[in-house]
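# Overview (structure and organization)
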Amino acid sequence: MNTTAIEVFESFESTFQDKVVVPESLELIWLKKAIGRYSIELTPLNFDSEKMEFDKQLDSYVIDTLAAFMKQSYQEREVSRVNKQVSITG
């Protein structure tokens, strides 16, 4: 059975202490960026955007690595948001 995007999303979401609502469309953008990074830095991955699944079953290391790359995108977005708030109030 092939790994689905939902499995990676669940790994990504499990890294938050509190429930954070991130739109699935944004998670998908971050997943695609993570796949691109993983494919360049480690080994190529094939992902079908229409089926929302990979072409094979990924092991937990790959899923967790993709989730970590997604978390980095989330954190970059949060830093940008906080910096904008600080510049408005400062």
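To keep things clear, this report deals only with the structure shown in the data block. These numbers were taken from a predicted model, which means no experiment stands behind them.

### A word on the overall build of the protein
- The helix and strand inventory of the protein stands at three helices and two strands.
- Starting at the N terminus, the α and β elements of the protein follow one another as α-α-β-β-α.
- Summarising its shape, the C-alpha atoms of the protein cover approximately 50 × 25 × 25 Å along the three principal directions.
- Out of the 90 residues belonging to the protein, those deemed buried represent 34%.
- A separation threshold of at least 6 residues defines the contact pool for the protein, and within that pool the share at least 24 residues apart is 65%.
- Summing over all exposed atoms, the protein offers an accessible surface of approximately 6,000 Å²; the carbon and sulfur share of this is 53%.

### Description of helix α1 (residues 5-13)
- Among all positions of α1, only Ala5, Val8, Phe9, Ser11 and Phe12 are buried. Looking straight down α1, one finds that the buried residues subtend no more than 160 degrees of arc, so they occupy a single side.

### Points about the pattern of salt bridges
- Counted by the stated rule, this structure contains one salt bridge.
- A salt bridge links Glu41 to Arg37; the nearest nitrogen and oxygen atoms lie 3.2 Å apart. In this pair, Glu41 and Arg37 are both assigned in helix α2 (residues 24-41), four residues apart and thus about one turn of the helix distant.
- The class for Arg37 is partly exposed, based on a relative accessible area of 30%.

### With respect to α2
- In this model α2 runs 25 Å from its N-terminal to its C-terminal C-alpha over 18 residues, within 8% of the 26 Å that 1.5 Å per residue would give.
- Of all the positions in α2, only Leu26, Glu27, Leu28, Trp30, Leu31, Ala34, Ile35 and Tyr38 are classed as buried.

### With respect to the environment of Pro44
- Among the structural elements, Pro44 can be located in the loop between α2 and β1 (47-48).
- By relative accessible area, which is 58% here, Pro44 ends up exposed.
- The spacing of Pro44 and Leu66 is 22 residues in sequence and 12 Å in space, taken between C-alpha atoms.

### Quick look at the packing of α1 against α2
- Across the interface, α1 lies against α2 with an axial gap of 11 Å and an inter-helix angle of 95 degrees. What the angle tells us is that α1 and α2 run roughly perpendicular. Contacts from Ala5, Ile6, Val8, Phe9, Phe12 and Glu13 of α1 reach α2 at Glu24, Glu27, Leu28, Trp30 and Leu31.
- When its residues are assigned to classes, the contact of α1 with α2 shows eight nonpolar, no polar and three charged.

### Quick notes on the side chain of Thr65
- In this fold, Thr65 is placed in helix α3 (residues 60-89).
- On the accessibility criterion, Thr65 (11% relative accessible area) is buried.
- Residues contacting Thr65, with those up to four places away along its chain left out, are Tyr38 and Leu42.

Rules and cut-offs
- Residues numbered from 1 in each chain as written.
- Predicted model: local features only at pLDDT ≥ 70, side-chain atom pairs only at ≥ 80, totals over all residues.
- Heavy atoms only, no water.
- Helix = DSSP H or I, 4+ residues; strand = E, 2+ residues; numbered from the N terminus.
- Buried < 20%, exposed > 50% of the residue type's maximum accessible area, 1.4 Å probe, protein only.
- Contact = heavy atoms within 4.5 Å.
- Areas by Shrake-Rupley, 256 points an atom, 1.4 Å probe, with all protein chains shown as cover.
- Arc of directions from axis to C-beta.
- Salt bridge = Lys/Arg side-chain N within 4 Å of Asp/Glu carboxyl O.
- Expected span 1.5 Å × (residues − 1).
- Axes fitted to C-alpha atoms, helices over the stretch in contact; angles between N-to-C directions.
- Parallel < 35°, antiparallel > 145°, perpendicular 65-115°, else oblique.
- Nonpolar A, V, L, I, M, F, W, Y, C, P; charged D, E, K, R; others polar.

Geometric descriptors of this kind do not, in isolation, establish any biological role.
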